[in-house]
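# Coordinates in review
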Amino acid sequence: MTKTVTILNGPNLNLLGKRQPEIYGRETLADVETLCADAAAALGLQTTFHQSNHEGEIVDQIHRARDEAAAIVINPAAYTHTSVAILDALNAFDGPVIEVHFSNVHKREAFRHHSYVSTRADAVIAGCGTQGYALALHRIATLLKD
Ligand code: DQA
């Protein structure tokens, strides 16, 4: 059976392509969704793709992934730096988790250097733009084979 990877995107990422394009680029979240579906298909995986501006909704999506997904790719956006609730939810998920950021958060303001989610993530990809999602799916395919 084809394994599912849940891909979760946090607040303001619905504005991708319009919001601070000098930092986040000009591709839209719909472009990222297509890129993920194509990369996953080439790896023999399938994806579900979600975005929410609400912390509790992201927690609910992680809970759903417990039953529906073999792995999670998450860009928690600003909640990366604030959310113990998202960390706790990820700690209740058994499969691989990869944290992705479009920008290199370590090159930016000090408050972006700390991530609650990184204490759970099996890998962190930052600064690779939309390609970071494809890289995450490649790594997930390897981890799910092992
Ligand atoms: C981000 C980095 C976060 O610091 C920021 O709050 C975002 C996007 C990124 O993808 O580079 O909204 O997660």
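Above this text is the structure in question.
Position labels on residues start from 1 in each chain and follow its written sequence. Local features in this predicted model are restricted to residues whose pLDDT is 70 or higher, and side-chain atom pairs enter the listing and the counts only when it is 80 or higher, whereas totals over whole chains, interfaces and linings include all residues. Hydrogens and water are ignored here; the side-chain numbers use all heavy atoms of the structure.

## Topic: unusual backbone geometry
- Positioned with a positive phi, Gln20 is a non-glycine residue whose angle comes to about 35°.
- Helix and strand definitions follow DSSP, with helices as H or I runs of at least four residues and strands as E runs of at least two, each counted in order from the N terminus. With respect to the element layout, Gln20 can be found in the loop between strand E1 (3-9) and helix H1 (21-24).
- When a residue's accessible area, from a 1.4 Å probe over protein chains only, is under 20% of the maximum for its type it is buried; when over 50% it is exposed; and in between it is partly exposed. We classify Gln20 as partly exposed; its relative accessible area is 37%.
- The residue Ala77 is not glycine, and still its phi comes out positive at about 50°.

## Let's talk about helix H5 (residues 131-145)
- Expected helix span is taken as 1.5 Å per residue step, with the number of steps being one fewer than the number of residues. Along its 15 residues, H5 runs 22 Å from first to last C-alpha, staying within 8% of the 21 Å computed at 1.5 Å per residue.
- Looking at H5, one finds that the buried residues are Gly132, Tyr133, Ala134, Ala136, Leu137, Ile140, Ala141 and Leu144.
- In this analysis, two residues are considered to be in contact whenever any of their non-hydrogen atoms come within 4.5 Å of each other. Buried residues belonging to H5 abut E1, helix H2 (29-42), strand E2 (45-51), strand E3 (71-75), strand E4 (97-101) and strand E5 (123-126).

## Section: H2
- The terminal C-alpha atoms of H2 lie 20 Å apart, and with 14 residues this matches the ideal 20 Å at 1.5 Å per residue to within 8%.
- Within H2, burial applies to Leu29, Val32, Cys36, Ala39 and Ala40. For H2, the angular spread of the buried residues around the axis is 95°, confining them to a single face. Across from the buried face of H2, at angles greater than 90 degrees, the exposed residues are Ala30, Asp38, Ala41 and Ala42.
- Those residues of H2 that are buried are in contact with E1, E2 and H5.
- In the segment just after H2, Gly44 is the residue with positive phi, at about 75°. Throughout, the arc means that of the directions going from the helix axis to the C-beta atoms.

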